[in-house]
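Listed below, chain by chain, are the residues.
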Amino acid sequence: MSNKPAILAIDQGTSSTRAILFSATLDKLAVYQKELTLQYPQKGWVEQKPEAIWQDTLEVCRKVLDKVPNGASSVAVIGITNQRETSIIWDRTTGKPVYPAIVWQDRRTTSFYEKLKQWGHEPLVTAKTGLLLDPYFSAGKIAWILDHVDGARNWARSGELAFGTIDCYLLWYLTGGKVHATDATNAARTLLFNIHTQQWDEELLTLFGIPDAILPQVKDNAADFGVTDRVLFGREILIGGMAGDQHAALIGQGCIAPGMVKSTYGTGCFALMNIGQEFRASKHRLLTTPAYRLAGKTTYAIEGSIFVAGAAIQWLRDNLEFFSDSAMSETLALSVPDSNDVYFVPAFTGLGAPYWQSDVRGMIYGLTRETTKAHITRAALEAQGFQTRDLITAIEGDGGYQASVIRIDGGLVANQFMCQFLADMLGRPVEVPVITEATALGAACLAGITVGLFPGLEVMQKNWRCERIFQPVMPEDVRARLYTGWRAAVEKLL
Ligand SMILES: Nc1ncnc2c1ncn2[C@@H]1O[C@H](COP(=O)(O)OP(=O)(O)O)[C@@H](O)[C@H]1O
Ligand SMILES: O=P(O)(O)OC[C@H](O)CO
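Residues numbered from 1 in each chain as written. Chains lettered and ligands numbered in written order. Predicted model: local features only at pLDDT ≥ 70, side-chain atom pairs only at ≥ 80, totals over all residues. Heavy atoms only, no water.

Looking at the UniProt feature "domain: Carbohydrate kinase FGGY C-terminal" (unreviewed entry) in the protein chain
Note the threshold: UniProt positions are given in the numbering used here, feature names are shortened, and annotations may be inferred rather than shown by experiment. Secondary structure elements follow DSSP: runs of H or I no shorter than four residues count as helices, runs of E no shorter than two count as strands, and numbering proceeds from the N terminus.
Within the UniProt annotation, "domain: Carbohydrate kinase FGGY C-terminal" (unreviewed entry) is assigned to residues 263-449. Summarising residues 263-449: 34% helix, 24% strand, and an end-to-end C-alpha distance of 24 Å.

Here it is in structure tokens:
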């Protein structure tokens, strides 16, 4: 082992898989990234190939290790972070998935959840999990696979199948099929995990008809998750950290004190406010979720989830072919002075917080003969500002904390127009860190804690460095007019 240990962070996102090597002082040493495709086999269905998720993960890890002089021998520990809720069920003997990964955006279980709501189950589920009944979460996806793959329910009962979110599936493969475990933040997105007892909940398992034999063990975010199979990187490496991507980003942004907010703009957008160690239920249909669990102690966050952020830009790129690279959306948006009253409500897979309408679909409103692709692109970027304002208003309206800071990260923050519009729409500064891959940084921090490189999360508060603060400059009347227009567009959709 080199005397300068590195931390390998794996960030398996919805649109891409990345491996980042960080130094023991959490500086970025090397990155390797690969885009991941989604499949849409039917209206409202969103799937991914589990084999591609694993193969891409292995490839990005190997490629990033090739970029540094000592390769795998310099790595002291691995941290994993991932797109959440996406569910895979596989055969414990062969490791083969019995069905593709059903992605968090998938809506095939809408009527299943509607029935559960009609039967009055939502209050109990929310009280136990902090979540709502929505196709977004894993339980419905698991039940769907067990009901639609021949024999799956029986194999599940007899312990032949394993369920996991992406973290857990990757861990299984990284450890050569030896470890079936997840962490508290990922478990808490399934609708099966009681966030008060921090255990799988019998009553919820019965409600969703899911046998406990398929569930993984749940660990702290900084813990011993086992070692990598020697054949993968030429030696065993400890996996010491694991967290859902939005929770990891909260850590990577140093938001470890109550009231601090981070908002991440990847495929979707997720704003989380740290609310400390006391559970609080939302009054505005937001989620309460473990921010992190360390040494058995849970810190909570209130979360607002938006299903489409960067995905709208990708759609303009791939489906409407407005541009060939997402980065070009910025120049296009800036080529017009405003969106010419065009509003883009990117509800491709329903609306998330605070509306939670899984059956509505997207809308571009206000089209005229003058509308150009520049106006539509600008409207798609502006939608991020409007949606974030919806979230922050709901989060603060819950009556807990006011946001002390708002830090932003994710692929979309490379777009300075979007960042400026965000500050304008929120009417307050937003901070962009030097390392915008806050998700991977958070996972690295957790892994580093396990091997004693850092005493605790405080290291992130000390190390967090600001690249740029976007200050609001938009006149109040313009801000009010634009937001009123957005609310009217959403009302029309609803
Ligand atoms: N300069 C840019 N302007 C607008 N969107 C961008 C830009 N760069 C990346 N994106 C969008 O960001 C998303 C990727 O962000 P990332 O954080 O990697 O997502 P994920 O973690 O979900 O895989 C893509 O949807 C892409 O379209
Ligand atoms: O792929 P991202 O970064 O948009 O994150 C996906 C979320 O974890 C879904 O809950």
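Some points on the site of ligand 2
This is how it is decided: For each residue, the test is whether any non-hydrogen atom lies within 4 Å of the molecule or strand; if one does, the residue is near. Polar contacts, as used here, are pairs of N or O atoms within 3.5 Å; protein pairs need one atom able to donate a hydrogen and one able to accept it. Residues neighboring in sequence count only if both atoms are side-chain atoms. Each accessible area value is a Shrake-Rupley result obtained with a 1.4 Å probe; residue values ignore everything except the protein chains displayed when judging cover. Residues are grouped as follows: Ala, Val, Leu, Ile, Met, Phe, Trp, Tyr, Cys and Pro are nonpolar; Asp, Glu, Lys and Arg are charged; all remaining types, including Gly, are polar.
Taken together, T14, Q83, R84, E85, W104, Y136, D245, Q246, G266, T267, G268 and F270 are the residues near ligand 2. Take R84: an N or O atom from its side chain is 3.0 Å from an oxygen atom of ligand 2. Within the backbone of G268, one N or O atom sits 2.9 Å away from an oxygen atom of ligand 2. Across the complex, the protein chains shield 94% of the 310 Å² of accessible surface that ligand 2 would expose by itself. Counted by class, the shell around ligand 2 contains three nonpolar, six polar and three charged residues.

Examining the site of ligand 1
Around ligand 1, 19 residues are found, and the nearest of them are S15, R18, T267, S326 and G411. The side chain of R18 places a nitrogen or oxygen atom 2.5 Å from an oxygen atom of ligand 1. A distance of 2.5 Å separates an oxygen atom of ligand 1 from a polar side-chain atom of T267. When ligand 1 sits alone it has 590 Å² of accessible area, and the protein chains cover 87% of it. Breaking the shell around ligand 1 down by element, the ones donating at least two residues are β2 (16-23) and α11 (310-318). A total of four residues in the shell around ligand 1 trace back to one element, the largest contributor, which is α11.

Section: the side chain of R407
Our working rule: When checking whether two residues touch, look at their non-hydrogen atoms; a contact exists if any pair is within 4.5 Å.
Among the structural elements, R407 can be located in strand β20 (residues 405-409). Of note is the side chain of R407, whose polar atom sits 2.6 Å from the backbone oxygen of Q253. Not counting residues up to four positions away in its chain, the partners in contact with R407 are Q253, G254, C255, M260, V261, K262, S263, E431 and W464.

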